[in-house]
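Close look at the chain arrangement
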Amino acid sequence: MHFMTALRAAWQQRDSLLCVGLDPDPARFPAHLQGRSDAILRFCTQIVDATADLVCCFKPQIAYFAAHRAEDQLEALVEHIHARHPGTPVVLDAKRGDIGSTAEQYAIEAFERFKADAITVNPYMGRDSVDPYLAYPDKGVILLCRTSNPGGSDLQFLEVDTSKGRMKLYEHVARTVAEDWNASGNCALVVGATFPAEIARVRALVGELPLLVPGIGAQGGDIAATLAAGRTENGTGLMINSSRAVLYAGKGEDFAEAARRVAEETRDAINAYR
Ligand SMILES: O=C(O)c1cc(=O)[nH]c(=O)n1[C@@H]1O[C@H](COP(=O)(O)O)[C@@H](O)[C@H]1O
């Protein structure tokens, strides 16, 4: 199924714009999981099973698996999500960016090895570095635009001259993706919740294009301001990510229930402003 079709169905059927980010850090796992060779998979599957009915998508961050030689556990996790929670899109957060021939391999890794439904990609190497992902028309290609970190302003906020006039670099990325790169209707943009004014600016430039919005929870982004700036006419259009605030809500054997409570509160807090 096309990523966007699955995402729209999940927005409606789950009544949720929440994306739970799967950033497993073994140092923060509860004691009973410490030291197990399959700890990452066990931790993540319990979080997934406890929260799947509350989310519009899951977003595993590849570095948290690769750093611990746990790519096999990432493969098993995505398989688990597809088998047990069908219709829940999986966004592989890899922020890839490289020349075309290498990007082809990254696309195979994301979509064929890990069976992700979408991937985050860094657009700053240009169109040919993104084409190998766009060549999978059913898969989501989510391009960094205005990132949530403070240093995001260093380059993304620079003024540039374009054929459409002078604008900030992130605005040019937003326009380029919406107007030129989205021929298959499979593009989305990353805009941080920590910068609601820029979410509003991007929304004004890109119409209904979906936005992945990290930065609520641990990074302190404002939910009300995010919704006011980014929701579409029908109260959707956003995948609002929270990772650490959900994953590490509890420290004991009941960590998954604690994660569910925070995920539910977060979904409800988001829905209050739709
Ligand atoms: O692409 C991303 O997901 C991303 C983009 C961005 O601008 N900022 C950002 O925090 N992220 C990711 O979103 C997640 C945020 O995690 P928490 O701050 O714990 O909710 C991490 O996996 C980050 O790598």
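Since the structure is predicted, the reported quantities are computational estimates derived from the model, not experimental observations.

**Observations concerning the site of the ligand**
Close to the ligand lie 17 residues; Asp23, Ser148, Gln219, Ser243 and Arg244 are nearest. Here an oxygen atom of the ligand sits 2.6 Å away from a polar atom, N or O, in the side chain of Asp23. Ser148 has a polar side-chain atom sitting 2.7 Å from a nitrogen atom of the ligand. Alone, the ligand offers 510 Å² of accessible surface; in the complex the protein occludes 90% of this. Of the residues belonging to the shell around the ligand, the class tally is four nonpolar, eight polar and five charged.

**Side note on the sheet that holds strand E1 (residues 18–22)**
Strand order across the open sheet formed by eight strands is E2-E1-E10-E9-E8-E5-E4-E3, with parallel pairing between neighbours. Looking at which strands have only one partner, the edges of the open sheet turn out to be strand E2 (57–60) and strand E3 (91–96). Taken over all neighbouring pairs, the strand axes of this sheet differ in orientation by 30° on average, direction set aside. Sheet strands touched by helix H2 (residues 39–51): E1 and E2. Its angle to E1, the strand with the most contacts, is close to 170°.

**Some thoughts on the confidence of the model for the protein chain**
The pLDDT averaged across the protein chain works out to 98; a share of 100% of its residues lies at or above 70. Here the prediction assigns the complex a pTM of 0.98, and the interface score ipTM is 0.99.

**Quick word on the pairing of E3**
In terms of burial, E3 is largely enclosed, as five of its six residues are buried. Bridge analysis of E3 against strand E4 (residues 118–121) gives three bridges, and the strand direction is parallel. Counted as the bridge partner of Val91 is Ala118 from E4.

**Regarding helix H1 (residues 3–14)**
Taking 1.5 Å per residue, twelve residues should reach 16 Å; H1 reaches 16 Å between its end C-alpha atoms and fits that length. By the burial criterion, the buried members of H1 are Phe3, Met4, Ala6, Leu7, Ala10, Trp11 and Arg14. Take H1 and look down its axis: the buried residues cluster within an arc of 160°, on one side only. Away from its buried face by more than 90 degrees, H1 exposes Gln12 and Gln13. Positive phi appears at Asp15, one or two residues downstream of H1, with a value of about 50°.

**What to know about the pattern of salt bridges**
Within this structure, the stated rule accounts for 17 salt bridges. In this structure, the salt-bridge partner of Asp15 is Arg274, at a minimum N-O distance of 3.1 Å. Pair noted here: Asp15 is in the loop between H1 and E1 and Arg274 is in the segment after helix H12 (255–271), with a separation of 259 residues, a long-range link. Given the relative accessible area of 29%, Arg274 is considered partly exposed. A salt bridge links Lys95 to Asp93, with the nearest nitrogen and oxygen atoms 2.9 Å apart. Lys95 gets classed as partly exposed once you look at its relative accessible area, which sits at 40%. Members of the salt-bridge network, linked through shared partners, are Glu159, Asp161, Arg166 and Lys168.

**Some words on the nonpolar core**
Counting 87 residues, the largest nonpolar core has Leu189 and Met239 as its most contacted members. Looking at this core element by element, the count peaks at seven residues for H2. The residues touching Leu189, leaving out its near neighbours within four places in the chain, are Ile142, Leu143, Cys145, Val173, Ala174, Val177, Val202, Val206, Leu209, Pro210, Leu211 and Leu212.

What counts, and where the lines are drawn
Residues numbered from 1 in each chain as written. Predicted model: local features only at pLDDT ≥ 70, side-chain atom pairs only at ≥ 80, totals over all residues. Heavy atoms only, no water. Near = heavy atom within 4 Å. Polar contact = N/O pair within 3.5 Å; in protein donor to acceptor, adjacent residues only side chain to side chain. Areas by Shrake-Rupley, 256 points an atom, 1.4 Å probe, with all protein chains shown as cover. Nonpolar A, V, L, I, M, F, W, Y, C, P; charged D, E, K, R; others polar. Pairing = 2+ DSSP bridges. Helix = DSSP H or I, 4+ residues; strand = E, 2+ residues; numbered from the N terminus. Axes fitted to C-alpha atoms, helices over the stretch in contact; angles between N-to-C directions. Contact = heavy atoms within 4.5 Å. pLDDT = per-residue confidence, 0-100. Buried < 20%, exposed > 50% of the residue type's maximum accessible area, 1.4 Å probe, protein only. Expected span 1.5 Å × (residues − 1). Arc of directions from axis to C-beta. Salt bridge = Lys/Arg side-chain N within 4 Å of Asp/Glu carboxyl O. Core = buried A, V, L, I, M, F, W, Y, C linked by side-chain atoms within 4.5 Å.

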